[in-house]
Amino acid sequence: MSDIAAAPDKPTIGEVRANNRFDADRLRAWLAPRIEGLTGPLEIAQFTRGASNPTFLITAGDRRLVLRKKPPGQLLASAHQVDREYRVMKALGETGFPVPHMRVLCDDESVIGQAFYVMDFKEGRIFRDARMPGLGRAERAALYDDLNATLARLHQVDWQAAGLADYGRPGNYFERQIGRWTKQYRGAETERIDDMERLIEALPTRIPTDDTTTIVHGDYRPENVMFHLSEPRVVAVLDWELSTLGHPLADLAYNCILYHSVSESWGSLIGVDLAAAGVPSESEYVAAYCARTGRAGVEDCVFKRNLDGIGNADAAFDNTGTRTLARTAREVLERGA
């Protein structure tokens, strides 16, 4: 099976990579008594874009499912926890939040070699380019509005009532994150970067005064959201690998990196005529979120997740993108001062 080009309404799939192959008959034998109506042999293909946890399309007759598993090999204990992804999506689905329907979780590594879960396949559109090319202004505006509304809706879920009280550590989220990023940076530091030093000094003084705790997605952007095939509404939020309990402004800040990132793989919004394109400005996007969540505003413009290593730069002068990221984050920091 050759790779299929990724239009927004068509997944990019191909043959299962050699290091991720597993016994389809063994999988079917395990799934059959657990998923009603699963008949016939399984056809397995692999999604070829993104996702550090390998993801597969499972076809059985006219039934389509998605399997997501840990990668092969020795892994860090805290990495690739597919059980957490399954848990949070199952809990959110029971509240009516748009996620795929969870079918089954398997922690028995003897079945296919790694722990995995299975969920329903959903039809929809995924825009890997934040510019959403090929759409009209009104549709693009409506899609961005529902992207915003869905994030606000996530942050209003009662995580305790949803059974997620132990899904993370409530409180002091930004303090813990900044401390972790700084420690990681110091551990990998090879030269002095003045912009990074400025961030390390300033960020602890710019933490929000409120200590709100919500479910946070951790990687919220158009590429990780599926829209309806023909309507401007979110039908599924995907890729919950980085989710936890934390401060909701972390998700909002991460989402707003699109306005500052130079990464072509995301489709940077830098240089885009936002009004003509139907894309809200960053201030309009933040205001819409605040209106939906009852916030008076975002004090001190604390959009600083750029420190977490998001973005690209020319490998000829900045192989990791660190200088570019630090400069971008410092400029955003000073703009809000």
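Our structure is the block above this text.
Engineer: I'd like to hear about the side chain of Asp251, residue by residue, with values.
Structural biologist: Relative to the elements of secondary structure, Asp251 occurs in helix H6 (residues 248-255). A polar contact of 2.7 Å, which involves the side chain of Asp251, links it to the backbone nitrogen of His217. Once you skip the residues sitting within four places of it in the chain, Asp251 turns out to touch Leu151, Leu154, His155, Ile215, Val216, His217 and Gly218.

Engineer: Lay out the sheet that holds strand S5 (residues 102-106) with the relevant residues and their values.
Structural biologist: The strand order across the open sheet formed by six strands is S1-S2-S3-S4-S6-S5, and the pairing between neighbours is antiparallel. The open sheet terminates on both sides in strands that have one partner only, identified here as strand S1 (13-14) and S5. Pairing geometry for strand S2 (residues 43-47) and strand S3 (residues 55-60), over four bridges, is antiparallel. Within S3, the position partnered with Ala45 by the bridge is Leu57.

Engineer: I'd like a rundown of the pairing of S3, residues and numbers included.
Structural biologist: The buried count for S3 comes to six of six residues, which makes it a mostly enclosed element. Here S3 shows no split at all, with Thr55, Leu57 and Thr59 on one side and Phe56, Ile58 and Ala60 on the other all buried. Of the strand pairs in this sheet, S3 and strand S4 (residues 63-69) are connected by six bridges, and their pairing is antiparallel. If you follow Thr55 over to S4, its bridge partner there is Arg68. Here S3 hands over to S4 after two residues, with Gly61 in that stretch at a positive phi of 65 degrees.

Engineer: Tell me what's going on with a negative patch on the surface, and back it up with residues and numbers.
Structural biologist: A surface patch of like charges, here negative, comprises Asp83, Asp107, Asp108 and Glu109. Judged by its relative accessible area of 35%, Asp108 falls in the partly exposed class.

Engineer: Please set out the environment of Val225 residue by residue, giving values where relevant.
Structural biologist: Structurally, Val225 can be placed in strand S8 (residues 225-227). Between the C-alpha atoms of Val225 and Ala236, which are eleven residues apart in sequence, the distance is 6.0 Å. With residues up to four places along the chain from it excluded, the contact list for Val225 reads Arg125, Ile126, Leu147, Tyr220, Val234, Ala236 and Val237.

Engineer: Help me get a handle on the pattern of salt bridges, residues and values and all.
Structural biologist: Applying the stated criterion across every chain, the model contains 17 salt bridges. For the salt bridge of Asp145 with Arg292, the shortest nitrogen-to-oxygen distance reads 2.9 Å. Here Asp145, found in helix H3 (residues 137-154), pairs with Arg292, found in helix H8 (residues 282-293); they are 147 residues apart in sequence, far enough to count as distant. Between Asp219 and Arg221 there is a salt bridge, with its nearest N and O atoms 2.9 Å apart. Exposure class is identical for Asp219 and Arg221. Each is buried.

Engineer: Summarise the side chain of Thr244; cite the residues concerned and give the values.
Structural biologist: Its location among the elements puts Thr244 in strand S10 (residues 244-246). Not counting residues within four places of it along the chain, the set of residues in contact with Thr244 comprises Arg84, Tyr167, Gly168, Tyr173, Thr214, Ile215 and Val216.

Engineer: Give me the lowdown on the packing of aromatic side chains, citing residues and values where you can.
Structural biologist: Under the definition given, this model contains six aromatic pairs. For the ring pair Phe22 and Phe56, a centre distance of 5.3 Å and an interplane angle of 80 degrees mean the geometry is edge-to-face. Of this pair, Phe22 sits in the loop between S1 and helix H1 (24-31) while Phe56 sits in strand S3, placing them 34 residues apart in sequence. We note that Phe22, like Phe56, is buried. Just above the ring of Trp30 sits the side chain of Arg34; from NZ or CZ to the centre is 3.9 Å. The positively charged end of Arg84 is found above the aromatic ring belonging to Tyr167, 3.8 Å away from the centroid.

Engineer: Hey, could you go over the packing of helix H5 (residues 194-202) against helix H9 (residues 322-335) for me, with residue numbers and the actual values?
Structural biologist: Here H5 crosses H9 at 45 degrees, and the two axes come no closer than 8 Å. Judged by the inter-axis angle, H5 sits oblique to H9. Between H5 and H9 the crossing geometry is left-handed. Residue-level inspection shows Asp195, Met196, Arg198, Leu199 and Ala202 of H5 in contact with H9, the latter providing Thr322, Ala326, Arg327, Ala329, Arg330, Leu333 and Glu334.

Engineer: Provide a residue-level description of the packing of helix H4 (residues 173-188) against H5, including the pertinent values.
Structural biologist: Two elements in contact, H4 and H5, have axes separated by 11 Å at closest approach and are oriented at 150 degrees. Overall, the two elements H4 and H5 adopt an arrangement that is roughly antiparallel. Of the two possible hands of crossing, H4 and H5 adopt the one that is left-handed. For the pair formed by H4 and H5, the contact residues are Thr182, Tyr185 and Arg186 on the first element and Met196, Glu197 and Ile200 on the second. When grouped by side-chain class, the residues that make up the contact of H4 with H5 number three nonpolar, one polar and two charged.

Criteria and cut-off values
- Residues numbered from 1 in each chain as written.
- Predicted model: local features only at pLDDT ≥ 70, side-chain atom pairs only at ≥ 80, totals over all residues.
- Heavy atoms only, no water.
- Helix = DSSP H or I, 4+ residues; strand = E, 2+ residues; numbered from the N terminus.
- Polar contact = N/O pair within 3.5 Å; in protein donor to acceptor, adjacent residues only side chain to side chain.
- Contact = heavy atoms within 4.5 Å.
- Pairing = 2+ DSSP bridges.
- Buried < 20%, exposed > 50% of the residue type's maximum accessible area, 1.4 Å probe, protein only.
- Patch = residues over 30% accessible without salt bridge, like charges linked within 9 Å, V, L, I, M, F, W, Y side chains within 5 Å.
- Areas by Shrake-Rupley, 256 points an atom, 1.4 Å probe, with all protein chains shown as cover.
- Salt bridge = Lys/Arg side-chain N within 4 Å of Asp/Glu carboxyl O.
- Lys, Arg positive; Asp, Glu negative; His and termini not counted.
- Charge placed at Lys NZ, Arg CZ, Asp CG, Glu CD.
- Phe/Tyr/Trp six-rings, centres within 6.5 Å; stacked < 30°, edge-to-face > 60°.
- Lys NZ or Arg CZ within 6 Å of the ring centre and 35° of its normal.
- Axes fitted to C-alpha atoms, helices over the stretch in contact; angles between N-to-C directions.
- Parallel < 35°, antiparallel > 145°, perpendicular 65-115°, else oblique.
- Left-handed = near helix turned anticlockwise from the far one by under 90°.
- Nonpolar A, V, L, I, M, F, W, Y, C, P; charged D, E, K, R; others polar.

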